[in-house]
Amino acid sequence: MSSASDDSYVFDEASGEWINAAKAAAINAAADGPVEVRDAVGNLLADGDQVTLIKDLTVKGAGQTLKRGTLIKSIRLTGDAQEIDCRFDGIKGLVLRAEFVKKR
């Protein structure tokens, strides 16, 4: 008698096919690896890096504009390849897109 995992199949939306559940679990485990976050010029970013803005950015809800060249200290990666969590004076919960920053 075979185990339930041998007979279980799940639909893989990426390929559009039904695949073995064990294979699907292995694919998901590989996909959950660390996300590489790169700045506007392709430099790899890490937690704690300092970045500078490459263009003026209007911050929604804060009524403030961050000017080009502004230094942002001690960034945190969010797990999204394009988002960076950071702090700036007077702005709580600031999230910047990686395409608008350059590693210092």
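Note that residues are indexed from 1 along each chain, following the sequence as it is written. Whole-chain, interface and lining totals are the exception, using all residues; otherwise, since this is a predicted model, local features are given only for residues with pLDDT of at least 70 and side-chain atom pairs are given and counted only at 80 or more. Note that the side-chain values use all heavy atoms of the structure and ignore hydrogens as well as water.

Here the focus is the environment of Asn20. Labels follow the DSSP assignment, with helices taken as runs of H or I lasting at least four residues and strands as runs of E lasting at least two, numbered in each case from the N terminus. Mapped onto the fold, Asn20 is located in strand S2 (residues 17-20). Counting along the chain gives eleven residues from Asn20 to Tyr9, while the straight-line C-alpha distance between them is 4.5 Å. Separated by 2.8 Å, the side chain of Asn20 and the backbone nitrogen of Ala22 make a polar contact. For this analysis, a polar contact is any N or O atom pair within 3.5 Å, provided that within protein one partner can donate a hydrogen and the other can accept it, and provided that sequence-adjacent residues contribute only side-chain to side-chain pairs.

Here the focus is the sheet that holds strand S8 (residues 71-72). At least two DSSP bridges between two strands are required for those strands to pair. Strands sit in the order S8-S5-S12 across an open sheet of three strands; the sheet is antiparallel. The open sheet has two edge strands with one neighbour each: S8 and strand S12 (101-103). In terms of strand pairing, strand S5 (residues 51-53) meets S8 through two bridges, oriented antiparallel. Its bridge partner being in S8, Thr52 is matched across the sheet by Leu71.

Taken together, three strands build an open sheet; the order of strands is S9-S10-S11 and the sheet is antiparallel. Strands at the two margins of the open sheet, each flanked by one partner only, are strand S9 (76-77) and strand S11 (91-97). With two bridges connecting them, S9 and strand S10 (residues 83-88) associate as antiparallel partners. Among the inter-strand pairings, Arg76 is bridged to a residue of S10, identified as Asp85.

Here is the rule: rings of Phe, Tyr and Trp (six-membered ring for Trp) pair when centre to centre is within 6.5 Å. Planes less than 30 degrees apart are stacked, more than 60 are edge-to-face, and the remainder are tilted. Considering all chains together, one arrives at one aromatic pair under this definition. Judged by centre distance (5.4 Å) and plane angle (65 degrees), the rings of Phe11 and Trp18 are edge-to-face. With a 1.4 Å probe rolled over the protein chains alone, any residue whose accessible area is under 20% of its type maximum counts as buried; one over 50% counts as exposed, and the rest are partly exposed. According to the relative accessible area criterion, Phe11 is partly exposed, its value standing at 42%.

The quantities given are spatial measurements derived from coordinates; they are silent on function.
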